[in-house]
Amino acid sequence: MERLIEIDQAWLLAINGAHTPWLDQIFWYISQAWVWIPLYIILIGLLLGTFGWRKGLLMVLALAIAVGLSPTHEPAVEGLVHIVHNYTGGLYGFVSSHAANTFSVALLFALFWQQKNSHGWWLLVYVVLNCYSRIYLGVHYPGDILGGLVVGGAMALLVFWVYRPVDDKLRAGDEACRPLDDP
(Lines give C-alpha, C1' and ligand atoms only; values in the text may rest on other atoms or scores of the structure.)
Protein backbone atom coordinates (compact mmCIF):
# COMPACT_ATOMS: atom_id res chain seq x y z
CA MET A 1 0.00 0.00 0.00
CA GLU A 2 2.86 2.33 0.81
CA ARG A 3 4.25 1.83 -2.69
CA LEU A 4 0.90 2.85 -4.24
CA ILE A 5 0.88 6.02 -2.15
CA GLU A 6 4.42 6.83 -3.33
CA ILE A 7 3.39 6.31 -6.98
CA ASP A 8 0.29 8.48 -6.47
CA GLN A 9 2.40 11.28 -4.95
CA ALA A 10 4.98 11.00 -7.73
CA TRP A 11 2.32 11.31 -10.44
CA LEU A 12 0.74 14.28 -8.67
CA LEU A 13 4.07 16.09 -8.38
CA ALA A 14 5.05 15.26 -11.99
CA ILE A 15 1.79 16.55 -13.49
CA ASN A 16 1.55 19.53 -11.16
CA GLY A 17 5.24 20.33 -11.67
CA ALA A 18 4.88 20.56 -15.47
CA HIS A 19 3.09 23.90 -15.25
CA THR A 20 3.28 27.07 -17.29
CA PRO A 21 1.57 30.41 -16.64
CA TRP A 22 -0.83 30.02 -19.59
CA LEU A 23 -1.79 26.44 -18.63
CA ASP A 24 -2.24 27.59 -15.03
CA GLN A 25 -4.94 29.98 -16.25
CA ILE A 26 -6.63 27.42 -18.52
CA PHE A 27 -6.79 24.64 -15.94
CA TRP A 28 -7.83 27.00 -13.15
CA TYR A 29 -10.83 28.07 -15.27
CA ILE A 30 -11.60 24.50 -16.34
CA SER A 31 -11.76 23.50 -12.68
CA GLN A 32 -14.36 26.16 -11.83
CA ALA A 33 -17.93 24.84 -11.73
CA TRP A 34 -19.45 28.05 -13.17
CA VAL A 35 -17.45 27.65 -16.40
CA TRP A 36 -19.48 24.53 -17.21
CA ILE A 37 -22.92 26.13 -16.73
CA PRO A 38 -23.34 26.74 -20.50
CA LEU A 39 -22.60 23.04 -21.13
CA TYR A 40 -25.19 22.01 -18.52
CA ILE A 41 -27.77 24.33 -20.13
CA ILE A 42 -27.01 22.81 -23.55
CA LEU A 43 -27.33 19.27 -22.16
CA ILE A 44 -30.66 20.07 -20.52
CA GLY A 45 -31.85 21.69 -23.76
CA LEU A 46 -30.79 18.65 -25.77
CA LEU A 47 -32.63 16.29 -23.42
CA LEU A 48 -35.82 18.37 -23.36
CA GLY A 49 -35.73 19.06 -27.11
CA THR A 50 -34.96 15.49 -28.12
CA PHE A 51 -37.02 13.48 -25.65
CA GLY A 52 -39.85 15.92 -24.87
CA TRP A 53 -40.66 17.77 -21.67
CA ARG A 54 -41.88 14.89 -19.56
CA LYS A 55 -39.15 12.38 -20.35
CA GLY A 56 -36.54 15.14 -20.56
CA LEU A 57 -37.39 16.39 -17.07
CA LEU A 58 -37.21 12.82 -15.75
CA MET A 59 -33.73 12.57 -17.28
CA VAL A 60 -32.65 15.91 -15.78
CA LEU A 61 -33.90 14.69 -12.39
CA ALA A 62 -31.93 11.46 -12.84
CA LEU A 63 -28.79 13.48 -13.65
CA ALA A 64 -29.27 15.61 -10.55
CA ILE A 65 -29.70 12.50 -8.40
CA ALA A 66 -26.57 10.89 -9.85
CA VAL A 67 -24.53 14.03 -9.11
CA GLY A 68 -26.01 14.27 -5.62
CA LEU A 69 -25.05 10.69 -4.85
CA SER A 70 -21.46 11.14 -6.01
CA PRO A 71 -19.40 12.56 -2.97
CA THR A 72 -6.05 20.36 -0.10
CA HIS A 73 -4.17 19.85 2.35
CA GLU A 74 -1.74 16.95 2.55
CA PRO A 75 1.29 17.21 4.82
CA ALA A 76 3.39 14.84 2.68
CA VAL A 77 3.27 17.13 -0.38
CA GLU A 78 2.40 20.48 1.17
CA GLY A 79 4.87 23.05 -0.06
CA LEU A 80 5.82 20.87 -3.04
CA VAL A 81 2.77 21.54 -5.21
CA HIS A 82 2.37 24.58 -7.41
CA ILE A 83 -0.74 26.51 -6.28
CA VAL A 84 -2.67 28.64 -8.82
CA HIS A 85 -4.56 31.72 -7.55
CA ASN A 86 -4.24 30.39 -3.97
CA TYR A 87 -6.77 27.71 -4.96
CA THR A 88 -6.38 24.61 -2.83
CA GLY A 89 -9.81 23.07 -3.43
CA GLY A 90 -10.37 22.12 0.20
CA LEU A 91 -8.94 18.97 1.72
CA TYR A 92 -7.22 16.39 -0.40
CA GLY A 93 -9.69 13.60 -0.28
CA PHE A 94 -10.56 10.27 -1.60
CA VAL A 95 -12.60 10.44 -3.83
CA SER A 96 -12.60 13.47 -6.10
CA SER A 97 -16.11 14.89 -6.29
CA HIS A 98 -15.19 16.69 -9.53
CA ALA A 99 -14.29 13.34 -11.11
CA ALA A 100 -17.36 11.57 -9.70
CA ASN A 101 -19.77 14.32 -10.75
CA THR A 102 -18.40 14.89 -14.24
CA PHE A 103 -18.22 11.17 -15.04
CA SER A 104 -21.70 10.47 -13.68
CA VAL A 105 -23.14 13.27 -15.87
CA ALA A 106 -21.22 12.10 -18.95
CA LEU A 107 -22.03 8.41 -18.55
CA LEU A 108 -25.70 8.94 -17.72
CA PHE A 109 -26.13 11.39 -20.60
CA ALA A 110 -24.46 8.87 -22.95
CA LEU A 111 -26.80 6.13 -21.71
CA PHE A 112 -29.83 8.38 -22.32
CA TRP A 113 -28.55 9.38 -25.74
CA GLN A 114 -27.94 5.75 -26.69
CA GLN A 115 -31.74 5.32 -26.66
CA LYS A 116 -31.83 7.54 -29.75
CA ASN A 117 -29.04 5.52 -31.41
CA SER A 118 -26.82 8.53 -31.04
CA HIS A 119 -23.58 9.06 -29.19
CA GLY A 120 -23.10 11.13 -26.07
CA TRP A 121 -19.55 9.92 -25.56
CA TRP A 122 -18.13 13.26 -26.70
CA LEU A 123 -18.65 14.35 -23.09
CA LEU A 124 -15.56 12.33 -22.19
CA VAL A 125 -13.53 15.38 -23.30
CA TYR A 126 -15.29 17.32 -20.52
CA VAL A 127 -14.47 14.55 -18.02
CA VAL A 128 -10.79 14.30 -19.03
CA LEU A 129 -10.24 18.07 -18.93
CA ASN A 130 -11.95 18.42 -15.57
CA CYS A 131 -10.12 15.46 -14.01
CA TYR A 132 -6.72 16.43 -15.37
CA SER A 133 -7.22 19.99 -14.09
CA ARG A 134 -7.62 18.65 -10.54
CA ILE A 135 -4.24 16.91 -10.68
CA TYR A 136 -2.58 19.78 -12.57
CA LEU A 137 -3.74 22.25 -9.89
CA GLY A 138 -2.41 19.94 -7.17
CA VAL A 139 -5.75 19.52 -5.42
CA HIS A 140 -6.19 15.76 -5.98
CA TYR A 141 -4.02 12.73 -6.34
CA PRO A 142 -4.47 10.59 -9.46
CA GLY A 143 -5.86 7.84 -7.19
CA ASP A 144 -8.54 10.28 -5.97
CA ILE A 145 -9.50 10.86 -9.59
CA LEU A 146 -9.66 7.14 -10.37
CA GLY A 147 -11.77 6.58 -7.26
CA GLY A 148 -14.06 9.42 -8.32
CA LEU A 149 -14.47 7.90 -11.77
CA VAL A 150 -15.45 4.57 -10.23
CA VAL A 151 -17.94 6.19 -7.84
CA GLY A 152 -19.39 8.43 -10.56
CA GLY A 153 -19.73 5.52 -12.97
CA ALA A 154 -21.38 3.36 -10.35
CA MET A 155 -23.84 6.12 -9.42
CA ALA A 156 -24.71 6.75 -13.08
CA LEU A 157 -25.34 3.03 -13.67
CA LEU A 158 -27.40 2.76 -10.47
CA VAL A 159 -29.54 5.77 -11.39
CA PHE A 160 -29.98 4.48 -14.97
CA TRP A 161 -30.99 1.08 -13.59
CA VAL A 162 -33.72 2.79 -11.51
CA TYR A 163 -34.66 5.22 -14.32
CA ARG A 164 -35.41 2.56 -16.97
CA PRO A 165 -38.41 0.90 -15.25
CA VAL A 166 -39.82 4.32 -14.28
CA ASP A 167 -39.52 5.44 -17.91
CA ASP A 168 -41.12 2.18 -19.12
CA LYS A 169 -44.09 2.69 -16.75
CA LEU A 170 -44.56 6.29 -17.90
CA ARG A 171 -44.43 5.18 -21.53
CA ALA A 172 -46.90 2.36 -20.88
CA GLY A 173 -49.25 4.83 -19.18
CA ASP A 174 -49.04 7.16 -22.18
CA GLU A 175 -49.88 4.33 -24.57
CA ALA A 176 -52.83 3.19 -22.44
CA CYS A 177 -54.33 6.69 -22.65
CA ARG A 178 -54.18 6.90 -26.45
CA PRO A 179 -57.43 6.32 -28.31
CA LEU A 180 -57.58 3.22 -30.46
CA ASP A 181 -57.71 3.75 -34.20
CA ASP A 182 -61.06 2.87 -35.81
CA PRO A 183 -60.86 -0.06 -38.23
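Up top you'll find the structure we're talking about.
Residues numbered from 1 in each chain as written. Predicted model: local features only at pLDDT ≥ 70, side-chain atom pairs only at ≥ 80, totals over all residues. Heavy atoms only, no water.

**A short note on the overall build of the protein chain**
A tally of regular secondary structure across the protein chain gives seven helices and zero strands. The burial tally for the protein chain puts 41% of its 183 residues in the buried class. Approximately 10,500 Å² of the protein chain is accessible, and the part contributed by carbon and sulfur atoms is 69%. (Helix = DSSP H or I, 4+ residues; strand = E, 2+ residues; numbered from the N terminus. Buried < 20%, exposed > 50% of the residue type's maximum accessible area, 1.4 Å probe, protein only. Areas by Shrake-Rupley, 256 points an atom, 1.4 Å probe, with all protein chains shown as cover.)

**Quick word on the packing of helix 4 (residues 53-69) against helix 5 (residues 97-114)**
One can describe the packing of helix 4 onto helix 5 by two numbers: an axis separation of 9 Å at closest approach and a directional angle of 150°. Looking at the two axes, helix 4 sits roughly antiparallel to helix 5. Once helix 4 is placed against helix 5, the crossing between them reads as right-handed. Taking contact as the criterion, the partners of Met59, Ala62, Leu63, Ala66 and Val67 in helix 4 are, on helix 5, Asn101, Ser104, Val105, Leu108, Phe109 and Phe112. Class assignment for the residues of the contact of helix 4 with helix 5 results in nine nonpolar, two polar and no charged. (Axes fitted to C-alpha atoms, helices over the stretch in contact; angles between N-to-C directions. Parallel < 35°, antiparallel > 145°, perpendicular 65-115°, else oblique. Left-handed = near helix turned anticlockwise from the far one by under 90°. Contact = heavy atoms within 4.5 Å. Nonpolar A, V, L, I, M, F, W, Y, C, P; charged D, E, K, R; others polar.)

**Things to note about the packing of helix 3 (residues 37-51) against helix 4**
Viewed as axis vectors pointing N to C, helix 3 and helix 4 meet at an angle of 145°, and their least axial separation amounts to 7 Å. Crossing of helix 3 over helix 4 shows right-handed handedness. Touching Ile44, Leu47, Leu48 and Phe51 of helix 3 are Trp53, Lys55, Gly56, Leu57, Met59, Val60 and Leu63, all from helix 4. Here the residues of the contact of helix 3 with helix 4 are counted per class, giving nine nonpolar, one polar and one charged.

**Some words on the environment of Phe27**
Positionally, Phe27 belongs in helix 2 (residues 21-30). Non-local contacts of Phe27, meaning those with residues more than four positions away in its chain, are made with Leu129, Tyr132, Ser133, Tyr136 and Leu137.

**Things to note about the pattern of salt bridges**
Oppositely charged side chains may form a pair once their charged atoms are brought near each other. In this structure the tally under the stated criterion is two salt bridges. The residue Lys55 makes a salt bridge to Asp167 at a minimum N-O spacing of 3.2 Å. Of the two residues, Lys55 and Asp167, both sit in the buried class. (Salt bridge = Lys/Arg side-chain N within 4 Å of Asp/Glu carboxyl O.)

**With respect to helix 4**
An ideal rise of 1.5 Å per residue puts 24 Å on 17 residues; helix 4 measures up with 24 Å between its terminal C-alpha atoms. Looking at helix 4, one finds that the buried residues are Lys55, Gly56, Leu58, Met59, Ala62, Leu63 and Ala66. Axial view of helix 4: buried residues confined to an arc of 160°, hence all on one face. Pointing more than 90 degrees away from the buried face of helix 4 are the exposed residues Trp53 and Gly68. (Expected span 1.5 Å × (residues − 1). Arc of directions from axis to C-beta.)

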